[in-house]
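Below are the chains, spelled out letter by letter.
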Amino acid sequence: FCPTMNSLLQLLRANRPFYLTYAGLLLAAGGLQLAFTQTELMQWVNARNTPAADRFFTYATYLGDGAFFAVVILALLLRSYRWAIKCMATFLLTTLVAQGLKRLVFADRLRPAKFFEEQSLNFRYVEGVELAHYHSFPSGHSTSAFALFCLLALLVKDKRWGYAFAVLAALAAYSRVYLFQHFVEDVYAGSMLGVVCSTLIFSLLNSYWTRRPKDWLDRSLFRR
């Protein structure tokens, strides 16, 4: 039932566009966090704003919303039960782990709006965005976005889509910092959590279905 290390390596190689792009993003963001504090990073992002970016990231953040994940699951039901089940399992696992970490392990981690509340620092807020104050780590939207787009990269035949999927996930994660909802470390951890969970679900289900094939898995709501 458990995938072997060899099968995981084959999966990584077969999906190089997504994983290499993500690795580059991970290294870059990790380097920035070693060089600068979380406050300095928040100030840098917060200072680089435009009205167009406000509108863009207000919508881009929905790429990591649970409702968007649910829409994709419903869409995949039209393509393949196999794909939809993988997506549903990924959604359930990432939600359980992320929310468990938020509320049980790191329950005292404050969001930027609350953390900086009594400090003499000037930050700009995007009009119309309701700011959360608690349960900052890890970022749930970033976890969902990277889990979803990693899974889509694994599912599609044309692996070049992996580049675009990695960028879309990164935009959703960046939006959480831009909108002053999370620190960089929150979205960084969320991205890793999402990619790991998605990769594991994909590998585990593939391994299980290889040993116990099911004819109905390749059917869909429109193909019986």
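Our subject is the structure listed above.
Note that the structure is predicted; figures quoted are calculated from it, not measured.

## Details of the packing of aromatic side chains
Centre distance and the angle of the planes are the two values used to describe a pair of aromatic rings. Within the structure shown, the criterion is met by 19 aromatic pairs. Summarising the aromatic geometry, the rings of Phe 115 and Phe 183 are spaced 5.5 Å apart at their centres and angled 90° between planes, so their arrangement reads as edge-to-face. Taken together, the positions of Phe 115 in helix α7 (residues 112–115) and Phe 183 in the loop between α9 (161–178) and α10 (184–211) put the pair 68 residues apart, joining distant regions of the chain. Overall, the relative accessible area of 38% leaves Phe 115 in the partly exposed class. On the basis of relative accessibility, which here comes to 7%, the residue Phe 183 falls in the buried class. Aromatic side chains Tyr 125 and Phe 180 sit 5.2 Å apart centroid to centroid with 50° between the ring planes, which places their arrangement in the tilted category.

## Comments concerning the state of the cysteines
Tallying each qualifying case throughout the model produces 0 disulfides. Not part of a disulfide, Cys 87 finds its nearest cysteine sulfur in Cys 150, a span of 11 Å. No disulfide involves Cys 150; its sulfur sits 10 Å from the nearest other cysteine sulfur, which is in Cys 197.

## As for the side chain of Asn 15
Topologically, Asn 15 is positioned in the loop between α1 (5–14) and α2 (16–35). By relative accessible area, Asn 15 is classed as buried at 3%. In this structure the side chain of Asn 15 is engaged in a polar contact, spanning 2.8 Å, whose partner is the backbone oxygen of Leu 11. Discounting residues that sit within four places of it in the chain, Asn 15 has contacts with Ala 153, Leu 154 and Lys 159.

## Observations regarding the packing of α2 against helix α8 (residues 140–155)
Contact geometry for α2 and α8: axes closest at 9 Å, N-to-C directions at 150°. Each of Phe 18, Tyr 19 and Tyr 22 in α2 lies in contact with α8, whose residues at this interface are Phe 146, Phe 149, Cys 150, Ala 153 and Leu 154. Grouping the constituent residues of the contact of α2 with α8 by class yields 8 nonpolar, no polar and no charged.

## Description of the nonpolar core
Grouped together as the largest cluster of nonpolar side chains are 49 residues, with contacts concentrated most on Phe 18 and Cys 87. Tallying contributions element by element places α8 first for this core, with 11 residues. Those residues in contact with Phe 18, other than ones at most four positions away along the chain, are Phe 146, Phe 149, Cys 150, Ala 153, Gly 162, Tyr 163, Phe 165, Ala 166 and Val 195.

## A closer look at the side chain of Gln 33
Relative to the helices and strands, Gln 33 resides in helix α2. Among the polar contacts made by the side chain of Gln 33, one reaches the side chain of Gln 38 at a distance of 3.1 Å. At 3.4 Å, the side chain of Gln 33 and the backbone nitrogen of Glu 185 are in polar contact. Contact partners of Gln 33, with chain neighbours within four places excluded, come to Gln 38, Leu 41, Val 184, Glu 185 and Tyr 188.

## Let's talk about the packing of helix α5 (residues 66–77) against α8
Close contact between α5 and α8 brings their axes to 10 Å; oriented N to C, the two are set at 20°. Compared by their axis directions, α5 and α8 come out roughly parallel. Of the two elements, α5 crosses α8, and the hand of that crossing is left-handed. Mapping the contact onto sequence places Phe 68, Phe 69, Val 72 and Leu 76 in α5 and Ser 144, Ala 147, Leu 148, Phe 149, Leu 152 and Leu 155 in α8.

## Re α5
Here α5 spans 17 Å end to end across 12 residues, near enough to the 16 Å set by a 1.5 Å rise per residue. All of the buried residues in α5 are Phe 69, Val 72, Ile 73 and Leu 76. Within α5, the buried residues cover an arc of 105° as seen down the axis, which keeps them to one side. On its buried side, α5 packs onto α6 (81–105) and α8.

Cut-off values and rules
- Residues numbered from 1 in each chain as written.
- Predicted model: local features only at pLDDT ≥ 70, side-chain atom pairs only at ≥ 80, totals over all residues.
- Heavy atoms only, no water.
- Phe/Tyr/Trp six-rings, centres within 6.5 Å; stacked < 30°, edge-to-face > 60°.
- Helix = DSSP H or I, 4+ residues; strand = E, 2+ residues; numbered from the N terminus.
- Buried < 20%, exposed > 50% of the residue type's maximum accessible area, 1.4 Å probe, protein only.
- Disulfide = S-S within 2.5 Å.
- Polar contact = N/O pair within 3.5 Å; in protein donor to acceptor, adjacent residues only side chain to side chain.
- Contact = heavy atoms within 4.5 Å.
- Axes fitted to C-alpha atoms, helices over the stretch in contact; angles between N-to-C directions.
- Nonpolar A, V, L, I, M, F, W, Y, C, P; charged D, E, K, R; others polar.
- Core = buried A, V, L, I, M, F, W, Y, C linked by side-chain atoms within 4.5 Å.
- Parallel < 35°, antiparallel > 145°, perpendicular 65-115°, else oblique.
- Left-handed = near helix turned anticlockwise from the far one by under 90°.
- Expected span 1.5 Å × (residues − 1).
- Arc of directions from axis to C-beta.

Interpretation in functional terms is not warranted from these geometric data alone.
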